[in-house]
Amino acid sequence: MREELLRVIEKNSRIDLKELAVILGVEEIDVVNEMAAMEEEGIICGYHTLIDWEKTSIEKVSALIEVRVTPQRGQGFDKIAERIYKYPEVHAVYLISGGYDLLITLEGKSLKEVSSFVSDKLAPLDSVLSTATHFILKKYKDHGTILARKYEDNREKVSP
Amino acid sequence: MRNPLSERIVEIKPSGIRKFFDIVSEMKDAISLGVGEPDFDTPWHIRDEGIYSLEKGRTFYTSNAGLKELKIEISNYLERRFHLSYDYDKEVMVTVGGSEAIDIALRAMIDPGDEVIVPQPSYVSYEPCAILANAVPVIINLKAENEFRLTARELEDAITEKTKVVVLPFPNNPTGAIMERKDLEAIAEVIIRHDLFVLSDEIYAELTYKDRHVSIAEIPGMWERTVLINGFSKAYAMTGWRLGYACAPAAIIAQMLKIHQFAIMCAPTTSQYAAVEALKNGDGDVAMMREQYNQRRRYLVNAFREMGLPCFEPYGAFYIFPCIKEFGMTSDEFATRFLEEEKVAVVPGTAFGDCGEGFLRISYAYSLENLKVAIGRLADFVGKLRAEQK
């Protein structure tokens, strides 16, 4: 049940627990226990909302930053990653294979805010060799959800 | 002027679904539980292969029986999923949907006056196709107490000296019924004893929610008596691509192919290229869709239980078939009033045979959100009818 439960709530974390139990064909108490267990185990890390900020009047700027770093003896990339992810404006930090080491996603109020984060905080870090900042111009799809399009049922309403 | 029409055609009743279709298409704001096709889009990688084939200019006929590459994939698929062995070269042909395969299989096997057994409720085309093939359709009225499965007894009772072909429509549209291995073994014994053939329409084979689907061709002694029909519409959400296939012993396929080559030429080429991709890399899509149908199915079974509408638990296709006899209305009256008063379209059971009287076909090829709205209205309507009855 665990895998299927995760697939359902990954798409809809607001689903009613009773309904969740029905569609999974199990008892509600089992769903409650399983979710509690997975929260405890750190498998479920949060229940977030996917927001298309573009459609609000709130200004937001997102950027992807590629970072090349020198790994530190005995600690690899973890120490430097930690120094970076502690900034609240940093949304995500990934260790990446290929031409650079860390990929950071960042959200700020303005272009200026993002660039000052890079120049004042990120670039001066000792182990950071270089950064390349890419501003996101438009989000087409995020977290597996197509933001630009609404589902339309184009089928004939009755068919054999 | 002479009557331009064939009497035989004129006598065939138009599909009972047509009437509802006409009313619903007039009602702009109606919602529906009436469709017989998936709500999912064809997975993108499959569509992409279709587009790519067009870009590459693959716009010519294929050979009559279909692309070799596709026939090989079909053969591999049946081996992989059902342990069925068909020679792609002689025992597989690609058709324009499962519907064409039903038509030409019957025409290839029937002589005038032969009887074709059609269990109902079932898909709308078996009976007319049998008539068009000059056969005499013999209907078996399946029973709710058997969960609409075909029993050996019912089959035995319908057989006469003229019986030649038995249509086996499982997993079933409209009831959602399935036939499990033990059920198939029981009827296989009767079929072999009476030396009959089977047209097994397994278009919903991928959509079962208990164990995997079992094909009657897997039962010992049945492979050589079976025309297996399947297709891409339901499993891969490819209804509009019009692509199906038939597998049978070479002697039967050879004759079906003759009709196909004169009437159809070949199935759409673009669809065939897309279908190769579906069979090669589509197992994950099928599993994902099956899981979602299953969640909706459980939701509906529970909803009908809460509503107190009697309904067996269906394990196949994407339909549920509740009984509405308590309201003292025909299925048609119920469906018409429900549409007029609550603006929800369902298909009366009678569209799939007279024995569908007293039942409705509810499709769950809709998102849970849509189902909730529609089922909410059904619950209101049922409550209203019960209050009227008091």
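Residues numbered from 1 in each chain as written. Chains lettered and ligands numbered in written order. Predicted model: local features only at pLDDT ≥ 70, side-chain atom pairs only at ≥ 80, totals over all residues.

Broken down by element type, chain A carries 5 helices and 6 strands. Reading the secondary structure of chain A in the N-to-C direction produces α-α-α-β-α-β-β-α-β-β-β. For chain A, whose C-alpha radius of gyration is 21 Å, the value lies well above the compact-globule estimate of 15 Å for 160 residues. Out of the 160 residues belonging to chain A, those deemed buried represent 14%. (Helix = DSSP H or I, 4+ residues; strand = E, 2+ residues; numbered from the N terminus. Rg over C-alpha atoms; globule rule 2.2 N^0.38 Å. Buried ≥ 20, exposed ≤ 12 C-beta atoms within 10 Å, placed from the backbone.)

To continue, consider the overall build of chain B. A count of helical and extended segments in chain B gives 13 helices and 12 strands. Relative to its length of 390 residues, chain B is compact, with a C-alpha radius of gyration of 21 Å against a globular reference of 21 Å. Oriented by its inertia axes, the alpha-carbon framework of chain B measures out at about 65 × 60 × 55 Å. Counting every position in chain B, which comprises 390 residues, the buried fraction comes to 50%. Counting contacts in chain B only where the partners sit at least 6 residues apart, residues at least 24 apart contribute 76% of the total. (Contact = placed C-beta atoms within 7 Å.)

Taken together, the contacts link 11 residues of chain A with 22 residues of chain B. Residue classes in the side of chain A that touches chain B are distributed as 4 nonpolar, 2 polar and 5 charged. (Nonpolar A, V, L, I, M, F, W, Y, C, P; charged D, E, K, R; others polar.)

Time to look at the pairing of strand β6 (residues 197-201) of chain B. For a regular strand, side chains alternate in direction, first toward one face of the sheet and then toward the other. Residue and element names in this part refer to chain B. In terms of burial, β6 is a largely internal element, 5 of the 5 residues being buried. Here β6 shows two buried faces, one formed by F197, L199 and D201 and the other by V198 and S200. Pairing of strand β5 (residues 163-168) with β6 involves 4 bridges; the strand directions are parallel. Each bridged residue has a counterpart across the sheet, and for V167 the counterpart in β6 is L199. In the sheet, β6 pairs with strand β7 (residues 226-231) via 4 bridges, with the strands oriented parallel. When the bridges of β7 are listed, D201 appears paired with I229. (Pairing = 2+ DSSP bridges.)

What follows concerns the nonpolar core. Ranked by internal contacts, the top residues of the largest apolar core, which has 124 residues, are A105(B), L106(B), L199(B) and A246(B). Element by element, the count of residues in this core is highest for helix α5 (residues 97-109) of chain B, at 7 residues. Listed in part, the 13 residues of the second largest apolar core include I80(A), L102(A), V114(A) and F117(A). (Core = buried A, V, L, I, M, F, W, Y, C linked by C-beta atoms within 7 Å.)

Here we take up the sheet that holds strand β3 (residues 115-120) of chain B. All names here are of chain B. The strand order across the open sheet formed by 7 strands is β2-β8-β7-β6-β5-β3-β4, and the pairing between neighbours is mixed. Sheet topology places β2 (92-95) and β4 (136-141) at the edges, where each strand pairs with a single neighbour. Ignoring strand direction, the axes of neighbouring strands in this sheet form an average angle of 20 degrees. Here β2 pairs with strand β8 (residues 244-247) via 4 bridges, running antiparallel. Across the sheet, T95 pairs through a bridge with G244, a residue of β8. On top of the sheet, α5 reaches β2, β3, β5, β6, β7 and β8; it is set at about 165 degrees to β7, its chief contact. (Axes fitted to C-alpha atoms, helices over the stretch in contact; angles between N-to-C directions.)

Residue and element names in this part refer to chain A. Between the first and last C-alpha of helix α5 (residues 111-122) there are 15 Å, a value that for 12 residues agrees with the 16 Å anticipated at 1.5 Å per step. Considered for burial, the residues of α5 that qualify are V114, F117 and L122. When α5 is viewed along its axis, its buried side chains cluster within an angular range of 55 degrees and face the same direction. Those residues of α5 that are exposed and angled more than 90 degrees off the buried face are K112, S116, S119 and D120. Close packing links the buried residues of α5 with β1 (61-69), α4 (78-85), β3 (102-108) and β4 (128-135). (Expected span 1.5 Å × (residues − 1). Arc of directions from axis to C-beta.)

Next up on the list: the domain arrangement of chain B. Residues and elements named next belong to chain B. Domain boundaries in chain B define domain 1 (7-42 + 284-389) and domain 2 (44-282). Between the C-alpha centres of domain 1 and domain 2 there is a distance of 25 Å. Taken together, the contacts link 35 residues of domain 1 with 36 residues of domain 2. For the side of domain 1 that touches domain 2, the elements supplying multiple residues, two or more each, are α11 (283-307) and β9 (319-320). The dominant element in the side of domain 1 that touches domain 2, judged by the number of residues it contributes, is α11, at 7 residues. When its residues are assigned to classes, the side of domain 1 that touches domain 2 shows 20 nonpolar, 8 polar and 7 charged. (Domains from an automatic or database assignment.)

All names here are of chain B. By secondary structure assignment, the location of Y319 is in strand β9. With 28 C-beta atoms counted inside 10 Å, the residue Y319 sits in the buried group. Along the chain, Y319 and A135 lie 184 residues apart, while their C-alpha atoms are 29 Å from each other. For Y319, the contacting residues outside a window of four places in its chain are N173, P174, T175, G176, P314, R361, I362 and S363.

Let us now look at unusual backbone geometry. Residue and element names in this part refer to chain B. Cis geometry is adopted by the peptide bond preceding P171, which originates at F170 and carries an omega value of -10 degrees. Relative to the assigned elements, P171 resides in the loop between β5 and α8 (181-193). For the peptide bond that leads from N173 to P174, omega is 20 degrees, which places it in the cis range. Relative to the elements of secondary structure, P174 occurs in the loop between β5 and α8. Of note in this structure, R242 is not a glycine but carries a positive phi near 50 degrees. Secondary-structure assignment places R242 in the loop between β7 and β8. Positive phi, normally seen in glycine, also occurs at K343, with a value near 60 degrees.

Another point: the sheet that holds strand β12 (residues 360-363) of chain B. All names here are of chain B. Sheet architecture is open: 3 strands sit in the order β9-β12-β11, paired in antiparallel fashion. Each edge of the sheet is formed by a strand with only one pairing partner; in this case those strands are β9 and β11 (347-348). In this sheet, β12 lies alongside β11 in antiparallel orientation, the contact comprising 2 bridges. By the bridge assignment, V347 is partnered in β12 with R361.

All names here are of chain B. Relative orientation of the contacting elements helix α4 (residues 68-82) and helix α10 (residues 269-281) amounts to 30 degrees, with a least axis distance of 9 Å. Classified by the angle between their axes, α4 and α10 sit roughly parallel to one another. Classified by chirality, the crossing of α10 by α4 is left-handed. On α10, the residues touching E69, L70, E73, I74 and Y77 of α4 are Q272, A275, V276, L279 and K280. In terms of residue class, the contact of α4 with α10 is built from 6 nonpolar, 1 polar and 3 charged. (Parallel < 35°, antiparallel > 145°, perpendicular 65-115°, else oblique. Left-handed = near helix turned anticlockwise from the far one by under 90°.)

Here we take up the pairing of strand β2 (residues 90-95) of chain A. Residue and element names in this part refer to chain A. As judged from the 5 bridges shared by β2 and β3, these two strands associate in the antiparallel manner. Each residue of the ladder has a partner; that of A92, found in β3, is T105. In textbook terms, the turn of a hairpin is the stretch between consecutive antiparallel strands, and for β2 and β3 this stretch comprises 6 residues, one of which, G98, has a positive phi near 110 degrees.

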